[in-house]
Amino acid sequence: MTNDEILARIDETVAEEHRLRSQGHGLSEAERDQLRSAEEHLDQLWDLLRRRDALRRAGQDPDAAGEQPATQVESYLQ
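**Quick look at the environment of A15**
Assignment of secondary structure puts A15 in helix 1 (residues 3-21). Its relative accessible area of 46% is what places A15 among the partly exposed residues. Residues A15 and E5, spaced 10 residues apart in sequence, show a C-alpha to C-alpha distance of 15 Å.

What follows is the structure, given as C-alpha cells:
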C-alpha cells in the first residue's frame, strides 16, 4: 500500500468518524462500536504511515511495514 492509499483511507475513516459524531443524538451501541472501530483503525493507519516513513529514512523498504493489530497500537505508551 502506498502513502497516498494510506492517506485516502485516513480521509475516508475520518469522514466516517465525523459522520457518527455529528448525528445530533445519542449513538446506539452499534454506532458506538463503529466509532470505536474507526478510532482504532485511524490509530493503525497513522502508525503504519509513521513506520513507513521511519523505514524510508533509514534507507529500507517502506513496503516492509505492515499494519499492526489494533491491540498492539492501542497499547503504545504516549
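Having put the structure on the table, let's press on.
**Side note on the pattern of salt bridges**
Opposite charge on two side chains permits pairing when their charged atoms draw close. A complete count under the given rule lists 9 salt bridges for this structure. Measuring nitrogen to oxygen at the nearest pair gives 2.8 Å for the salt bridge that ties R19 to E16. With a gap of 3 residues between them, R19 and E16 both fall in helix 1, about one helical turn apart. Note on R19: relative accessible area 39%, which makes it partly exposed.

**Observations regarding helix 1**
Under the 1.5 Å per step criterion, the end-to-end length of helix 1 is 27 Å for 19 residues, consistent within 8% with the ideal 27 Å. Considered for burial, the residues of helix 1 that qualify are I6, I10, T13, E17 and L20. Buried residues in helix 1, looked at end-on, bunch into an arc of 90 degrees, giving them a common side. Opposite the buried face of helix 1, at more than 90 degrees from it, the exposed residues are D4, D11 and E12.

Cut-off values and rules
- Residues numbered from 1 in each chain as written.
- Predicted model: local features only at pLDDT ≥ 70, side-chain atom pairs only at ≥ 80, totals over all residues.
- Heavy atoms only, no water.
- Helix = DSSP H or I, 4+ residues; strand = E, 2+ residues; numbered from the N terminus.
- Buried < 20%, exposed > 50% of the residue type's maximum accessible area, 1.4 Å probe, protein only.
- Salt bridge = Lys/Arg side-chain N within 4 Å of Asp/Glu carboxyl O.
- Expected span 1.5 Å × (residues − 1).
- Arc of directions from axis to C-beta.

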